[in-house]
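# Breakdown of the fold
In case you want the letters, here they are:
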Amino acid sequence: MATIKNTVRLLAVDDSADTLEVVQRQLTAAGYEVITAPGVAEAVRALGTVKVDLVITDLRMPRSDGMELVRHVRENLGETAIVMLTGYASIPNAVEAMQTGADEYLAKPFTEEELLHAVTSALGRLRLRRAGAPTDEPVSSEWGLLSASPAMRRVFRDMKKASPSNATVLISGESGTGKELVARAIHYQGPRRAAPFVPVNCGGIPDGLLESELFGYRKGAFTGASESRAGFFQTAEGGSIFLDEVAELSLPMQAALLRVLQDKMVYMIGVRQPAAVDVRVLAATNRDLQRLVEQGKFREDLYYRLNVLPIVLPPLRERGDDVLILVRHFAEKFAGEMRKKAPPFTERALALLQAYSWPGNVRELENIVQRLVLMVERDVIDAADLPALMRFSADGDVQQDSSLAEAEAAHVRAVLAGVNGNKTRAAQILGIDRKTLREKIKEH
Ligand SMILES: Nc1ncnc2c1ncn2[C@@H]1O[C@H](COP(=O)(O)OP(=O)(O)OP(=O)(O)O)[C@@H](O)[C@H]1O
Ligand SMILES: [Mg+2]
C-alpha cells in the first residue's frame, strides 16, 4: 500500500556535504524523496524545475544565506514548507526565520528523531495550508459540496448541465458519497427551485404502502382510507421527486413508475382516470443498476428512462486532498457548534486519515471528525486519538506482513465500521451477499 510519504519530495540545502549526506540518508530511510543543493542559487534553480513540498535549509552559507531562500520560497512558492537549520549560536536568527515564513527550525547538531519531528510537523502545517487554500486546485463549495479534486470537477460539470434541464437524472455512488446533496443542489439551482423537493426512500417504505405513498388514494379506495390523500408525486407538483435507493423498488413498483415516466400521468388508487403531473424525477442508487438489469432484477426500460443524465459520484478515497479539506471543514463546523476553536491535526494524524479507505465515504468522515472534536482533551488531534482500525488499516507495514485472511478480516471490519455496522450496506460495498458476509464475520 502506498503511504502518503512516498509522494512527498524534500529539498535539502546546505554548504556542508556531510550535513547533506546525513539529512538525505535519514529522510530517505523514512520514506521521503530527497534532493539536495549545495547553495541558495542551486536550490532556486531546482525549485524552478521540480515540485518540492518541503525545503530544509541551512541558515549560514557562504554566498547568500538561508534567509534569502526563505523569502524566495514564500514569495514565489506560497505554501511550500520550510525547516531552517541553524548553529547553536544563531537562535535569534532562527526566530527571524520563523517570522519570515519558516515553519520549523532545528539547531545543529540534531538527532535523527529531532530531524524527523521537525519535518513531520512542518509538513503538517503544509497540509493544513493546502487544505485551506489550495493554489492549483481551488476548493469549490458549490451548493454545499466541498471539493478540490478533478474527480469531483466532472461531477460539478454534469450537475451544471443537469440543473436547468427537465431530464431524469440517475445519481450513483457508494454509500455516503453525497448523492442526496447532489440531488438537492440540482433541484435548488434549477428553474423548479420555488416548488417542492420531495425525497422518498424507496428502500424504507414497505412495498404494500409504497404505491399509496407515491401516488395517493381516494377516500374509500380501500379499508381505512377514510380521507383522500395526495401521494408524493402530487406533493411534488411543479418541483422534483427524489427517488433514493431506487434499486430497492419491487418489479411491480418499477412497472408503475415506468408508466408515470412515460405518460407523465399518475394513477391515484381508487381513481380510474389518471391525472397529469409535472414532476421532475431525480433517482439515486448505491448499487450497480446495469448489473441488476442483467440479472433481471431491474427493468431495462426503466433503467434507460432513469439514466438519461447519469451522474457518478467517486468514492472519497479517489478524491485526493478532499479528505483534508473535509476534515478541516467538519472540524470547524463541529467546533463552532461547541463554541470552541477547531483543534489542529498533527501531520501523522492527517496522513492516517488520508491513507484510510473510507468505506462509508463523506458521512463516515463527518462522524469521525465530530467524535474527535467532541472527545479531544488536549489542544491537538494526534494519530493516537484516531480509531484503532484506522491506525491499523493505514499502516503499510502491517498489511504487507499479514496473511490474506488477516487482511480480509481487517477490510471486512473497516467496511462494517464505515457503515455503522449496517450489514446490507457492507455486503454491497464488499460485493458479496449478506449470507457470505455473515459467514465471514463468524469465520474471523
Ligand atoms: N462534498 C461534500 N462536501 C461537504 N459535505 C458533504 C459532501 N458530500 C457529502 N457530504 C455530507 O456527507 C453526508 C452524506 O451525504 P449524503 O446523505 O448526500 O450521501 P448519500 O450518498 O446520499 O449517502 P447514502 O447512500 O448513505 O444515502 C451528509 O451529511 C452530507 O451533507
Ligand atoms: Mg442518501
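Each residue is numbered by its place in its chain's sequence as written, counting from 1. Whichever chain is written first becomes A and whichever ligand is written first becomes 1, with later ones labelled in order. Given that this is a predicted model, residues contribute local features only at a pLDDT of at least 70 and side-chain atom pairs are listed and counted only at 80 or more, while totals for whole chains, interfaces and linings are drawn from all residues. Values shown for side chains rest on all heavy atoms present in the structure; no hydrogens or waters enter the calculation.

### Observations regarding the overall build of the chain
Secondary structure follows DSSP: runs of H or I at least 4 residues long count as helices, runs of E at least 2 residues long count as strands, and numbering of each begins at the N terminus. When you go through the chain residue by residue, the secondary structure sums to 20 helices and 12 strands. Reported as C-alpha extents along the three principal axes, the dimensions of the chain are approximately 95 × 50 × 40 Å. Relative accessibility thresholds used throughout: buried, under 20% of the residue-type maximum; exposed, over 50%; partly exposed, between the two (1.4 Å probe, protein chains only). Looking at the chain as a whole, 45% of its 444 residues are labelled buried. A fraction of 70% describes how many contacts in the chain between residues 6 or more apart in sequence connect residues 24 or more apart. About 21900 Å² of surface is accessible on the chain, with carbon and sulfur atoms providing 51% of the total. Asp and Glu are treated as the negative residues and Lys and Arg as the positive ones, with His and the ends of the chain left uncounted. To locate a charge, take NZ of a lysine, CZ of an arginine, CG of an aspartate or CD of a glutamate. Here the chain holds 55 positive side-chain charges and 58 negative ones, and the gap between their average locations is 7 Å. In this analysis, two residues are considered to be in contact whenever any of their non-hydrogen atoms come within 4.5 Å of each other. In short, Shrake-Rupley with a 1.4 Å probe defines the accessible areas, and a residue's cover is counted only from the protein chains shown.

### Focus: a positive patch on the surface
The grouping of K423, R434, R438 and K442 at the surface amounts to a positive patch. Examining the composition of the positive patch, we find that 3 residues originate from one element, helix 20 (residues 434-443), more than from any other. Summarising the element assignment, R438 is placed in helix 20. Residues form patches when they are more than 30% accessible in relative terms and have no salt bridge. Like charges link within 9 Å. Nonpolar side chains (Val, Leu, Ile, Met, Phe, Trp, Tyr) link within 5 Å. For this analysis, a salt bridge means a side-chain nitrogen from Lys or Arg found within 4 Å of a carboxyl oxygen belonging to Asp or Glu.

### Here's the deal with the sheet that holds strand 5 (residues 104-107)
Two strands are counted as paired when DSSP detects at least two bridges linking them. With parallel pairing, the 5 strands of this open sheet are ordered in space as 2-1-3-4-5. What marks the edges here is a single partner per strand, and that holds for strand 2 (33-37) and strand 5. With strand direction ignored, the average angle separating the axes of adjacent strands in the sheet is 20°. Helix axes use the C-alpha atoms of the stretch in contact, all axes being lines fitted to C-alpha atoms, and the angles between their N-to-C directions lie in the range 0 to 180 degrees. Taken strand by strand, helix 1 (residues 17-29) contacts strand 1 (9-13), strand 2, strand 3 (54-58) and strand 4 (81-86), and its axis lies near 170° from that of strand 2. Where helix 2 (residues 40-49) meets the sheet, it contacts strand 1, strand 2 and strand 3, and its direction lies at approximately 160° from that of strand 1.

### Structural notes on helix 10 (residues 251-263)
An ideal rise of 1.5 Å per residue puts 18 Å on 13 residues; helix 10 measures up with 18 Å between its terminal C-alpha atoms. If you check which residues of helix 10 are buried, you get M253, Q254, A256, L257, L258, V260 and L261. On its buried face, helix 10 is in contact with helix 8 (207-215), helix 9 (232-235), strand 8 (240-244), strand 9 (265-266), strand 11 (280-285) and helix 12 (300-306). Where helix 10 terminates, the next one or two residues include K264, which has phi positive at roughly 55°. Multiplying 1.5 Å by the residue count of a helix minus one yields the expected span of that helix.

### Things to note about the packing of aromatic side chains
Stacked, edge-to-face and tilted are the three classes for Phe, Tyr and Trp ring pairs, Trp counted by its six-membered ring, which pair at centre distances within 6.5 Å; planes under 30 degrees apart are stacked, over 60 edge-to-face, the rest tilted. By the definition in use, this model includes 7 aromatic pairs. Ring geometry for F197 versus F242: centroids 5.9 Å apart, planes at 20°, classification stacked. Of this pair, F197 sits in strand 7 (residues 197-201) while F242 sits in strand 8, placing them 45 residues apart in sequence. Accessibility expressed as a relative area gives 9% for F197, which makes it buried. By way of ring pairs, the aromatic residues Y188, F197 and F242 are connected into one cluster. For R259, the ring lying beneath its charged end belongs to Y267, and the centroid distance is 4.7 Å. By the criterion adopted, a ring carries a charge over it if an Arg CZ or a Lys NZ lies within 6 Å of its centre and within 35 degrees of its normal.

### Structural notes on the site of ligand 1
If a single non-hydrogen atom of a residue is within 4 Å of a molecule or strand, that residue counts as near it. Lining the immediate surroundings of ligand 1 are 17 residues, of which L146, G176, K179, R363 and E366 lie closest. N or O atoms closer than or at 3.5 Å make up a polar contact, with two conditions inside protein: a donor-capable atom paired with an acceptor-capable one, and, for residues adjacent in sequence, both atoms drawn from side chains. E366 places a polar side-chain atom, nitrogen or oxygen, 2.7 Å from an oxygen atom of ligand 1. An automatic or database domain assignment supplies the residue ranges for each domain. Both of domain 2 (142-312) and domain 3 (316-443) provide at least three residues apiece to the shell around ligand 1.

### Side note on the side chain of D103
With respect to the helices and strands, the residue D103 is situated in the loop between helix 4 (91-100) and strand 5. Within polar-contact distance, the side chain of D103 engages the side chain of R74 at 3.5 Å. Setting aside its immediate chain neighbours within four residues, D103 contacts R74, T80, A81, I82, M98, A122, R125 and R129.

### What about the sheet that holds strand 8?
With parallel pairing, the 5 strands of this open sheet are ordered in space as 7-8-11-6-12. The sheet is open, and its two borders are formed by strand 7 and strand 12 (309-312), each paired with just one other strand. Taking the axes of each pair of neighbouring strands and ignoring which way they run, one obtains an average angle of 20° across the sheet. Here helix 6 (residues 150-162) sits on the sheet in contact with strand 6 (169-172), strand 11 and strand 12, set at roughly 150° to strand 12.

### Quick look at the environment of R317
Tracing the chain through its elements places R317 in the loop between strand 12 and helix 13 (322-337). Take R317: its relative accessible area is 39%, and that puts it in the partly exposed class. A sequence separation of 47 residues divides R317 from G270, and the C-alpha atoms of the two residues are 49 Å apart. The contacts of R317, once residues within four sequence positions are left out, are E174, S357, W358, P359 and N361. In terms of polar contacts, R317 uses its side chain to reach the side chain of E174, at 2.5 Å.

### As for the side chain of T19
Along the chain, the position of T19 falls in helix 1. On the basis of relative accessible area, T19 is assigned to the buried category, the value being 16%. Only 2.8 Å separates the side chain of T19 from the side chain of S16, close enough to count as a polar contact. When residues no more than four places from it in sequence are discounted, the contact partners of T19 are D14, L85 and K108.

### Things to note about the domain arrangement of the chain
When cut into domains, the chain gives domain 1 (4-132), domain 2 (142-312) and domain 3 (316-443). Distance between the C-alpha centres of domain 1 and domain 3: 32 Å. Residue-level contacts link 8 residues of domain 1 with 9 residues of domain 3. Here the quantity called buried area is the accessible surface, traced with a 1.4 Å probe, that two parts lose on coming together, added over both. Buried surface at the junction of domain 1 and domain 3, both sides included, amounts to about 880 Å², of which 65% is carbon and sulfur. Counting every contact that joins domain 1 to domain 3 gives 0 residue pairs in polar contact (both at pLDDT 80 or more).

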